[in-house]
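Residue-level structural notes
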Amino acid sequence: MTLLKLKVLRFESLPSTNTELARLASEGAAEGLAIMADEQTSGRGRLQRAWSSPKGAGLYFSILLRPTIPPNRWPLITLMAALAVGDALREACGLTTDIKWPNDLLSGERKICGILAEAIETPGGRAVIVGIGINLTQSAFPAELANLATSVSKAMGREPEREALLDALLQSLSRWYPLLGQPGEIVAAWSGRSSYATGKLVQVNNGGEVMQGTTCGVEPDGALRLRIASGEIKLVRAGDVYSVRPS
Ligand code: BTN
């Protein structure tokens, strides 16, 4: 069982907490080093997208992990992080969230948090930077995303306390991280908290490939199982998943 020794560095402004932490990891930083910034000038999201990160509008956070689980189980790290964020939002803010595969946290079907896990090679071995962006206020994202995104302040009806949320997140990461050694626990907990785990009609966009089907569980390595029209089960390991309203 791996326990996390946490240390948090705080910055007013960084290009990206993930990029800065990758730099520190390549210089030998230890597992558990975390970074929080008040703003990011080049925040990054999944699939090479930008992550809008105005000052004070979001919780911009990254943590360095050096997992010892087999590499084919590393996709579970993002599922584990989503569980930890869900706990933190519940404990610090009283919010109940859904998880959209693999790791978007939703409140009322709108995105409230995104997670970007990036594997890197360092002199101390392979590591992963888990970057977490939680929308604290509506100004965390551009107005054109207002139908797709929401914020902690909108969901709570008042300004959230960033420090309390950060504390809850550090504690929940410490609780969930050791469970990576028990993949069944992670998959079962994730499936219990995600309306996307089973019976959801979805479209998956992965680069140029588009697939539609009904979700039917998660593999032990975190891949989403999708039953397509022919009845065949496809495994989804990458891409964007969108809920489709049955016609
Ligand atoms: C997504 O596309 O949903 C993932 C967004 C991840 C954003 C966070 S904010 C902190 C960390 N630093 C970054 O540049 N990105 C992640």
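Scroll up for the structure.
Residues numbered from 1 in each chain as written. Predicted model: local features only at pLDDT ≥ 70, side-chain atom pairs only at ≥ 80, totals over all residues. Heavy atoms only, no water.

One ladder, built from seven bridges, connects strand S8 (residues 198–206) with strand S9 (residues 209–218); its direction is antiparallel. By the bridge assignment, Val 202 is partnered in S9 with Gly 213. Between S8 and the antiparallel strand that follows it, S9, lie two residues; Gly 207 among them carries a positive phi value of about 60°. Sheet topology note: the S8/strand S12 (residues 240–243) ladder contains four bridges and is antiparallel. Residue Val 202 lies in a different strand from S12, and its bridge partner there is Ser 243. (Pairing = 2+ DSSP bridges. Helix = DSSP H or I, 4+ residues; strand = E, 2+ residues; numbered from the N terminus.)

For the ligand, the set of nearby residues contains 19 residues, the closest of which are Ser 16, Gln 40, Arg 44, Arg 46 and Lys 111. Between the ligand and Ser 16, the relevant distance is 2.8 Å, taken from an oxygen atom to a side-chain nitrogen or oxygen of the residue. Take Gln 40: an N or O atom from its side chain is 2.8 Å from a nitrogen atom of the ligand. Within the residue set of the shell around the ligand, elements represented by two or more residues are helix H1 (17–26), strand S3 (58–65), strand S6 (110–122) and strand S7 (125–135). Element by element, the count of residues in the shell around the ligand is highest for S6, at four residues. Classifying every residue of the shell around the ligand gives five nonpolar, 10 polar and four charged. (Near = heavy atom within 4 Å. Polar contact = N/O pair within 3.5 Å; in protein donor to acceptor, adjacent residues only side chain to side chain. Nonpolar A, V, L, I, M, F, W, Y, C, P; charged D, E, K, R; others polar.)

Bringing the nonpolar core into the picture now. By size, the foremost hydrophobic cluster in this structure holds 59 residues, and its most contacted members are Phe 61 and Ile 134. Here this core takes 12 residues from helix H2 (residues 76–93), the largest share from any one element. Excluding its chain neighbours within four sequence positions, the residues that come into contact with Ile 134 are Ala 57, Gly 58, Leu 59, Val 85, Leu 89, Ile 112, Cys 113, Val 152 and Leu 165. With 12 residues, the next largest nonpolar core counts Leu 14, Ala 25, Ile 120 and Ile 129 among its residues. (Core = buried A, V, L, I, M, F, W, Y, C linked by side-chain atoms within 4.5 Å. Buried < 20%, exposed > 50% of the residue type's maximum accessible area, 1.4 Å probe, protein only. Contact = heavy atoms within 4.5 Å.)

Pairing of side chains with opposite charge becomes possible as their charged atoms draw close. For the coordinates displayed, the defined rule picks out 19 salt bridges. A salt bridge links Arg 23 to Glu 27; its shortest N-O distance comes to 3.0 Å. For Glu 27, a relative accessible area of 59% puts it in the exposed group. Among the ionic contacts, a cluster of salt bridges with common partners joins Asp 87, Arg 90, Glu 91, Arg 175 and Arg 193. (Salt bridge = Lys/Arg side-chain N within 4 Å of Asp/Glu carboxyl O.)

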